[in-house]
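# Commentary on secondary and tertiary structure
Here is what each chain is made of, one letter per residue.
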Amino acid sequence: MNFKQSFRLAIKSLKTSKMRSFLTMLGIIIGVASVIILVSLMNGLSQDMTSSFESMGTNTLTVNVMGRGTNRTLSVEEVETLVEENPEYLDQYSPRVTASVTAKYDVNSVSTTVIGVNEFYDDMQSVAVTEGRFIQYIDTLRRLKVCVIGAYEAQELFEGADPIGETVKLNGSSYKVVGLLEETADSEEGSDDDVIYVPYTAATRLADNARISSYYLTAVDTDEIETSKTVIENMMYSVFEDENAYRVTSMSEMIEAVNEMTSSMALVLVGIAGISLVVGGIGIMNIMLVSVTERTREIGIRKSLGAKRKDIMRQFIIEAATTSSAGGIIGIIFGIGAAYAAGVIMDMTVVPSWNAVAIAFSVSVGIGIVFGYFPANKAAKMNPIDALRYD
Amino acid sequence: MIRLEEVYKIYNMGENEVRAIDGVSLEIRENEMAAIIGQSGSGKSTCMNIIGCLDVPTSGKYYLNDQDVSHMKDDELAEVRNKTLGFIFQQYNLIHKLNVLENVELPLVYKGVHEKERIEAAREALRKVGIEDKMNNLPSQLSGGQQQRVSIARALAGNPSIILADEPTGALDTKTGKEVLEFLQKLNGEGNTIILITHDMGVAEKAKRIIRISDGKIVEDSGHSVPKTEHERSGIPGKGNVKRAVPKAAGMGDAV
Ligand SMILES: Nc1ncnc2c1ncn2[C@@H]1O[C@H](COP(=O)(O)OP(=O)(O)O)[C@@H](O)[C@H]1O
Ligand SMILES: [Mg+2]
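Residues numbered from 1 in each chain as written. Chains lettered and ligands numbered in written order. Predicted model: local features only at pLDDT ≥ 70, side-chain atom pairs only at ≥ 80, totals over all residues. Heavy atoms only, no water.

## Brief notes about the overall build of chain A
Test applied: Here a strand is any run of E in DSSP of at least two residues, a helix any run of H or I of at least four, and the numbering for each starts at the N terminus. It is over C-alpha atoms that the radius of gyration is taken, and the globule rule equals 2.2 Å times the number of residues to the power 0.38. Relative accessible area decides the class of each residue, using a 1.4 Å probe on protein chains only: under 20% of the type maximum gives buried, over 50% gives exposed, and in between gives partly exposed.
Summing up its helical and strand segments, chain A has 13 helices and eleven strands in all. Its C-alpha atoms give chain A a radius of gyration of 33 Å, more than 25% over the compact-globule value 21 Å for 391 residues. Dimensions along the principal axes, computed over C-alpha positions, put chain A at roughly 105 × 50 × 35 Å. With 391 residues in all, chain A has 49% of them scored as buried.

As structure tokens, then:
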């Protein structure tokens, strides 16, 4: 029995009983569509998170001092010495002190985050200033109350007026605006544009805690980041003598962790969606069994004309695979459409994966073959006389 | 060509056994036209199933073209059927979803004949039964007589050496039935071996040899008809509309 004829027959019977075909395919359609939707959304999520980590620089290392069980702190001078002593591994450093503040100018006010840094921070994190300047060495040295504001603050506090040289109140104390950051995220609240940088020496006054517990460092070479990390860890251990008192993390590790998390989450979700593919397969098997019974006489006729087991087998398997792959194609189209719709509604990035599409399609063909096997085998084993006598 | 030796077909129905064929020995030679006649339940269909390689005997030997087919497996039997046998059934047994041409192509599909050649051969067979113009129709769009002609074309398409017809006129009116029989006679005249199965003496009479079967046994055999000479063969029935000059292209009459 040739493939072309079986395929044409399968298409024909799909077309002649549209409702039945649709119901048969429904499980596959739902299964494939949900896999595509989930994968597209998870992909989008992980891409968003990765790019936001990447914008912080893949050569960034962060040091956090938990200070648990000890009063020992890590001073800026110690970090500076570390960087100076390891020029082949470490490039720059900056303390990082964060505080939540209310910023006021005139009658306008916003709640935002103040980050206390030194003069290297803008280089390390690729922070660009469009007007004025960034924090400088002299500011940190003299604990000057100056600040560099994000585009969101400029918009909310100054409403388009030039902020440079003006004075804003951060939790009540006056800071002079010396720089304006470049807009990177449409000046949205909570985005990278919603930030105020001050000298870290000044920030310790704004934060509840005067200790500096977080540092950013940059590795000389991203490929050697693990060695750079070890260098920091060794120093940290010699200071604290307790691995639990601090944590050193590299940005690429974070990205990896996020990707790992999203992909294992995706795997679980896709696994759940996969159950509906199996249910779809059982639906196809059920209809194929009905179809084999309905066509007992046809099978008898074909056998009397010389069809071998494998010919009958192939015919029914091709039919099952055609049905399931038609379901798969509909599911893919529907899934991609629904993923974009969901992306718009939930304001998420949608990244359809062509791998997922290819896998979904192959799986649906595979399901047709696997679940078509049993009915096809039943048909192939029919005795031609019994089949011919059937009506 | 066909040789049955002490063939039995026994069905075990719980306690009692049914001897559908009860020790039949029979030989049918090439170019014969034989009718197997008997009452309902006498074992005709069982006999035809065995001769047609649709079933194997419980015991005994069946030689088809000197090949022992009595112990063959499913797929081997399928191949034998495909290569040497053509079936004509009472209920036509056409596949409803396929059009006339596709139905006639089927034996060639299973023979593995290429599409172009296959269509050519199928059209040739349809031309022979005079129904080529209906080749794109579905069987349901044809009359009973036309459907039976399609099934004859299908039996002929694979160019088998034996044609088995089980009550080929059973579902047809007298006139169409007669035309089908005449066509079978004509095919026999062209050198085909034909075995006709019927319960109707009027139908059986068209064959040169009549084998009567009762309770699974042969009770009467009009004897081996002597294979005819070439001269005799081309001159047979001479009835009605058989055009002697172009026997291959002759139709069965448009009234069917
Ligand atoms: N599959 C079967 N199982 C049991 N008995 C059968 C089977 N096929 C045929 N028979 C019996 O064998 C006998 C001959 O049947 P069959 O060959 O169909 O007769 P006919 O075709 O002459 O009417 C009948 O008695 C029938 O009941
Ligand atoms: Mg019968």
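## Re the site of ligand 1
Put simply, the test is: If even one non-hydrogen atom of a residue comes within 4 Å of a molecule or strand, that residue is called near it. Here a polar contact is taken to be a pair of N or O atoms separated by no more than 3.5 Å, where protein atoms must pair a possible hydrogen donor with a possible acceptor and residues adjacent in sequence count only if both atoms sit in side chains. What sets the accessible areas is the Shrake-Rupley method with a 1.4 Å probe; for residues, cover comes only from the shown protein chains. Gly counts as polar in this scheme, as do all residues outside two lists: the nonpolar Ala, Val, Leu, Ile, Met, Phe, Trp, Tyr, Cys and Pro, and the charged Asp, Glu, Lys and Arg.
What surrounds ligand 1 is a group of 13 residues, the closest being Gly41(B), Gly43(B), Lys44(B), Ser45(B) and Thr46(B). Those chains with residues close to ligand 1 are chains A and B. Here Ser42(B) contributes a backbone N or O atom positioned 3.2 Å from an oxygen atom of ligand 1. Measuring from an oxygen atom of ligand 1, one finds a backbone N or O atom of Gly43(B) at 3.1 Å. The protein chains hide 69% of the 560 Å² of surface that ligand 1 would expose on its own. For the shell around ligand 1, the secondary structure elements donating two or more residues are strand S1 (2–13), strand S2 (16–28) and helix H1 (44–51) of chain B. Sorting elements by how many residues they give to the shell around ligand 1 places H1(B) first, with three residues. The residue inventory of the shell around ligand 1, partitioned by class, reads four nonpolar, seven polar and two charged.

## Regarding the interface of chain A and chain B
Applied cut-off: Note on contacts: a residue pair qualifies if any of its non-hydrogen atoms lie within 4.5 Å across the two residues. By definition, the buried area sums, over both parts, the 1.4 Å-probe accessible area that each loses when the two are put together. In what follows, salt bridge is the name for a side-chain nitrogen of Lys or Arg lying within 4 Å of a carboxyl oxygen of Asp or Glu.
Listed per partner, the contact involves 25 residues of chain A and 25 residues of chain B. When chain A packs against chain B, close to 2400 Å² is buried across both sides, 53% of that on carbon and sulfur atoms. Our count for the chain A to chain B interface comes out at seven salt bridges. Take the side of chain A that touches chain B: its biggest share by element is six residues, from helix H10 (residues 296–304) of chain A. Partitioned by chemical class, the residues of the side of chain A that touches chain B number eight nonpolar, six polar and eleven charged.

## Here we look at the domain arrangement of chain A
Filter applied, for reference: By convention here, the domain bounds are inherited from an automatic or database domain assignment.
The domain architecture assigned to chain A consists of domain 1 (3–51 + 257–389) and domain 2 (97–211). On a C-alpha basis, the centroid separation for the pair domain 1 of chain A and domain 2 of chain A is 57 Å.

## Here's the deal with a positive patch on the surface
What counts here: Every patch collects residues that have over 30% relative accessible area and no salt bridge, joining them within 9 Å if they carry like charges and within 5 Å if they are nonpolar side chains (Val, Leu, Ile, Met, Phe, Trp, Tyr). Charge convention: Lys and Arg are scored as positive, Asp and Glu as negative, and His as well as the terminal groups of each chain are ignored. A single reference atom marks each charge: NZ on Lys, CZ on Arg, CG on Asp, CD on Glu.
Among the surface-exposed residues, Arg143(A), Lys145(A), Lys169(A) and Arg205(A) lie close enough to one another that they form a single positively charged patch. Structurally, Arg205(A) is set in helix H7 (residues 200–206).

## Points about helix H1 (residues 3–16) of chain A
Formally: Here the expected length of a helix is defined as 1.5 Å per residue gap, with one fewer gap than residues.
With 14 residues, H1(A) extends 20 Å from end C-alpha to end C-alpha; this agrees with the ideal 20 Å at 1.5 Å per step. Tucked into the core, H1(A) has its buried residues touching helix H2 (18–54), H10 and helix H11 (309–346) of chain A together with helix H3 (100–111) of chain B.

## Concerning the pairing of strand S8 (residues 173–181) of chain A
Residues and elements named next belong to chain A. Formally: Pairing between strands requires that DSSP locate at least two bridges from one strand to the other.
By the criterion of burial, S8 is predominantly enclosed, with seven of the nine residues buried. Where strand S5 (residues 129–132) and S8 come together, three bridges link them in antiparallel fashion. Within S8, the residue paired with Gly 132 across the bridge is Gly 179. Across four bridges, the pairing between strand S6 (residues 146–149) and S8 is parallel. Residue Cys 147 lies in a different strand from S8, and its bridge partner there is Val 177. Bridge analysis of strand S7 (residues 167–170) against S8 gives four bridges, and the strand direction is antiparallel. Residue Val 168 lies in a different strand from S8, and its bridge partner there is Tyr 175.

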